[in-house]
Amino acid sequence: MSDNGSDNASKPAANRTPPLSKAKRQSNRRRFLRTALLTGGVLGAALSGFLPLIYSQKKRLRPPGALDERDLLSSCIKCGQCVQVCPVSAIKLADLIDGMGVGVPYIDARQQACDFSCDAVQCILACPTGSLTYHKPEFLGVRPGAALAAKPILLAKEKDAEPTLNLNERIGLARLTRPEACLAIQGKGFKGQTRGPDFKGMMRYMDVDRWKPIRIADHPYDVPECDLCVRECPIKGAISIETVFAPDGSKRKSPVVHEPCVGCGVCEMVCPVEPAAITIEAREVWKT
Amino acid sequence: MSALLKRRFVDQIKVMFGWEPTKPTEISPAAQKIHFYKKGNRDLIAEKLHARAHAIHDNKWRTRRWATLILANLLFTFSFFLDIQVLEGALTASRFVGFHLIDLNSGLQVMLAHKHIINNLIIGTGTVLVLWVLLGGRTFCSWICPYHLLAEWAEKIHLFLVKKKLVTDQTMDRRLRTVFWVIFALLAVATGYTVFEAISPTGILSRALIYGPGLALLWVLALLFFEVFFSRRAWCRYACPIGLTYGVVGIISPVRIKYKLDGCFHEGDCRKVCLVPHVLDTVIKGRAIETEVPIGPDCTRCGLCVDTCPTGSLSFEVKGLSKLM
């Protein structure tokens, strides 16, 4: 490629250019090496860009309506329009070391869950490439258990003409991962600001203002038996407090997650114990 | 268009893909006459010095361009930050008062990787395609791309260091950019992941300006460092596939720079400031094939040459506009 001298030697004499000087040949060779070096450098950096693909088996909570991990990574154009429309800023864009694809959206439910206070899953509406979608194209399969049995009913608009959310698949599933810490199981109540006075998370409270989410810290609780996860769950029938039998045979109360759970993460966000007793298993499916 | 200019038109497309411009084999009689006149004319030197002494060097186009670039990027930032909702999204994809706009290279990468194209993607990419065909293709690079502005400043530092003989510009083979374009397109198809988007300084910077800085900026810094100390404008010149995508769009664009042979003293100031000096091969003494030569599609229409030319031999032109008006 760079060594024009030898190239020209093989050409017929008629259009042979004068042989290159030694210095010129040398500078050409150096230039070729530099070009190869830059190629290697940029491709090397690009390789690091593939890390999220290798880790795509790892579970991450993506915005509602997100395609399966690999399809999301291939179709997301990384524009952040979903970030811009979210009224509670639940959606963040991943950074270089997050390993989720630079600029690809995710939700950290403990910090700020999606409480559907937009009423219509606006992030899906904003997505220009169909990475977040109401209607998944047919050739992309639905994982068994990911599909919701029915369109979820949003409690906040239960009395509206159209009470459901246009969601066909869950993004995850809530699970009581630390039952030993759960206040409900211990029969304890909760009084005060859940997550403390400095917590920045926001939520829409229907009895405060349907259209204006407020800080959770500005909405203190006083409940004789903790049921915050059930009380604040935005989806109808997704979670309830049930009487269950403990291993020792005694009866006690416990939050129980049901099939309509979409995995929005509000329960994880409002759980007053640290770390949360109930968490979202991203991409988890419903197993009967 | 004369047969000569047609041949040059094709040659300039090859030059955009990385071939070196060649000496013309044929020159029109009118241009030959001017070349001949210039060769024999001793008064020309005096005339040249006169023109140089009286040339008013302003940065008219650079000021306009920087203002446009900064405003466009701030519009993104403010649309989100102040919630004025004029231009929502980032440079990769956005909505201008509701209309989808999608960056051509990002859109192409997503189409190749995902292999499923929804209507919004077609609408957005189509709109932007028409827009940049009209506006000049690589105009995107110099008038919108935030990395271009940073690289321009890095270039100034680089040139200062070169002048002080502290560094030398390490040039590379320009065909590399075409190779990268193909590699990233193939990677998108094969892996189903838009890996170029992960390292695109344009996307990283645009998102940083709108959603706040992140560690991905370190890569942008590394590129700027490379450009300051090793190779002048290396990313834009030798690597960026976005530039090539918009360059291809610019092939048929009416907006371009026009070179007029008669007043030119062939001093080469324009080539010194140019990001893509291979498109200005025509200004070299004896190279112009016609009395007026349009500059090729790899030109970013940045206007630095127009600003710097002491004789007004380079100017912006909108093809067909003079006929219409």
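Residues numbered from 1 in each chain as written. Chains lettered and ligands numbered in written order. Predicted model: local features only at pLDDT ≥ 70, side-chain atom pairs only at ≥ 80, totals over all residues. Heavy atoms only, no water.

Draft legend 1. Quick look at the overall build of chain B. Broken down by element type, chain B carries 17 helices and six strands. Each principal axis of the C-alpha atoms in chain B carries an extent, and together these give about 60 × 45 × 40 Å. Looking at chain B residue by residue over its 325 residues, the buried ones come to 54%. Of the contacts formed within chain B by residues at least 6 apart in sequence, a portion of 76% connects residues at least 24 apart. Counting only carbon and sulfur atoms, one obtains 68% of the accessible surface of chain B, whose full area is about 15100 Å². Charged side chains in chain B number 39 positive and 24 negative. The centres of these two groups are separated by 3 Å. (Helix = DSSP H or I, 4+ residues; strand = E, 2+ residues; numbered from the N terminus. Buried < 20%, exposed > 50% of the residue type's maximum accessible area, 1.4 Å probe, protein only. Contact = heavy atoms within 4.5 Å. Areas by Shrake-Rupley, 256 points an atom, 1.4 Å probe, with all protein chains shown as cover. Lys, Arg positive; Asp, Glu negative; His and termini not counted. Charge placed at Lys NZ, Arg CZ, Asp CG, Glu CD.)

Draft legend 2. Structural context of the interface of chain A and chain B. In this assembly, 44 residues from chain A lie in contact with 49 residues from chain B. When chain A packs against chain B, close to 4000 Å² is buried across both sides, 66% of that on carbon and sulfur atoms. For the pair chain A and chain B, the number of links is zero salt bridges. Summed over the shared surface of chain A and chain B, the result is 22 residue pairs in polar contact (both at pLDDT 80 or more). (Buried area = accessible area lost by both parts, 1.4 Å probe. Salt bridge = Lys/Arg side-chain N within 4 Å of Asp/Glu carboxyl O. Polar contact = N/O pair within 3.5 Å; in protein donor to acceptor, adjacent residues only side chain to side chain.)

Draft legend 3. The arrangement of the sheet that holds strand S5 (residues 292-294) of chain B in detail. Residues and elements named next belong to chain B. Reading across the sheet, the three strands line up as S5-S4-S6 and stay open at both edges, with antiparallel pairing between neighbours. With one partner strand each, in any of the chains shown, S5 and strand S6 (314-318) form the two edges of the open sheet. Direction aside, the axes of adjacent strands within the sheet are offset by 35° on average. Sheet topology places strand S4 (residues 255-260) next to S5; three bridges connect them, and they run antiparallel. The partner of Tyr 259 across the bridge, within S5, is Val 293. (Pairing = 2+ DSSP bridges. Axes fitted to C-alpha atoms, helices over the stretch in contact; angles between N-to-C directions.)

Draft legend 4. The arrangement of the nonpolar core in detail. Counting 146 residues, the largest nonpolar core has Phe 116 of chain A together with Tyr 147, Ile 199, Trp 235, Tyr 259 and Leu 280 of chain B as its most contacted members. Setting aside residues up to four positions removed in sequence, Leu 280 of chain B forms contacts with Cys 270, Arg 271, Cys 274, Ile 295, Cys 305 and Leu 314 of chain B. Membership of the second largest hydrophobic core comes to six residues, among which are Ile 77 of chain A together with Ile 102, Val 110 and Leu 121 of chain B. (Core = buried A, V, L, I, M, F, W, Y, C linked by side-chain atoms within 4.5 Å.)

Draft legend 5. Focus on unusual backbone geometry. Residue and element names in this part refer to chain A. Between Glu 274 and Pro 275 the backbone carries a cis peptide bond, its omega angle lying at -10°. Relative to the helices and strands, Pro 275 resides in the loop between helix H8 (266-270) and strand S10 (278-282). Here the phi dihedral of Val 121 falls at roughly 45°; this positive angle occurs in a residue that is not glycine. Along the polypeptide, Val 121 turns up in the loop between strand S2 (105-107) and helix H6 (122-126).

Draft legend 6. View of the environment of Cys 76 of chain A. With respect to the helices, strands and loops of the structure, Cys 76 of chain A is situated in the loop between helix H4 (69-75) and helix H5 (81-85). You can call Cys 76 of chain A buried: its relative accessible area is 7%. Spatially, the C-alpha atoms of Cys 76 of chain A and Pro 105 of chain A are 8.6 Å apart, while their sequence positions differ by 29 residues. For Cys 76 of chain A, the contacting residues outside a window of four places in its chain are Gly 103, Val 104, Pro 105, Thr 129 and Ser 131 of chain A together with Val 110 and Thr 194 of chain B.

Draft legend 7. Structural detail: helix H5 (residues 104-114) of chain B. Across the eleven residues of H5 of chain B, eight count as buried, placing the element largely inside the fold. For H5 of chain B, the secondary structure elements touched by its buried residues are H4 of chain A together with strand S3 (99-102), helix H6 (119-135), helix H9 (175-191), helix H10 (195-199) and helix H14 (241-250) of chain B. Two or three places before Asn 105 of chain B, at the opening of H5 of chain B, Asp 103 of chain B has a side-chain oxygen 3.3 Å from that residue's backbone nitrogen.

Draft legend 8. View of the sheet that holds S3 of chain B. All names here are of chain B. Pairing in this open sheet of three strands is antiparallel, and the strands run S1-S2-S3 from one edge to the other. Looking at strand neighbours, the two that pair on one side only are strand S1 (87-90) and S3, the edges of this open sheet. Each adjacent strand pair in this sheet contributes to an overall mean axis angle of 15°, direction not counted. Looking at chain direction, strand S2 (residues 93-96) and S3 are connected through four bridges and run antiparallel. Its bridge partner being in S3, Ala 93 is matched across the sheet by Ile 102.

Draft legend 9. Geometry of a nonpolar patch on the surface. A contiguous nonpolar patch, built from Ile 70, Leu 74, Phe 78, Phe 81, Leu 82 and Ile 84 of chain B and spanning about 570 Å² of accessible area, is present on the exposed surface. Topologically, Leu 82 of chain B is positioned in the loop between helix H4 (60-81) and S1. (Patch = residues over 30% accessible without salt bridge, like charges linked within 9 Å, V, L, I, M, F, W, Y side chains within 5 Å.)

Draft legend 10. The arrangement of the packing of aromatic side chains in detail. This model, assessed by the stated rule, comprises 13 aromatic pairs over all chains. For the pair Trp 61 of chain B and Phe 316 of chain B, a centre-to-centre distance of 4.2 Å together with 40° between the ring planes defines the contact as tilted. Here Phe 316 of chain B lies in strand S6 and Trp 61 of chain B lies in helix H4, a separation of 255 residues in the sequence. Judged by its relative accessible area of 18%, Trp 61 of chain B falls in the buried class. Seen from their ring centres, Trp 132 of chain B and Tyr 246 of chain B are 6.1 Å apart, and the 90° between their planes marks the pair as edge-to-face. Within this pair, whereas Trp 132 of chain B is found in helix H6, its partner Tyr 246 of chain B is found in helix H14, the two being separated by 114 residues in sequence. Through a chain of ring-to-ring contacts, three or more aromatic side chains come together here, namely Phe 180, Phe 184, Phe 196, Trp 219 and Trp 235 of chain B. The positively charged end of Arg 195 of chain A is found above the aromatic ring belonging to Phe 199 of chain A, 4.1 Å away from the centroid. Sitting above the plane of the Trp 61 of chain B ring, Arg 64 of chain B keeps its charged end 4.5 Å from the centroid. (Phe/Tyr/Trp six-rings, centres within 6.5 Å; stacked < 30°, edge-to-face > 60°. Lys NZ or Arg CZ within 6 Å of the ring centre and 35° of its normal.)

Draft legend 11. How the structure looks around the side chain of Thr 139 of chain B. Residues and elements named next belong to chain B. For Thr 139, the position within the fold is in helix H7 (residues 139-143). On the basis of relative accessibility, which here comes to 9%, the residue Thr 139 falls in the buried class. Side-chain polar atoms of Thr 139 contact the backbone oxygen of Gly 136, separated by 2.9 Å. Apart from residues lying up to four places away in sequence, Thr 139 is in contact with Trp 132, Ile 144, Thr 300 and Arg 301.

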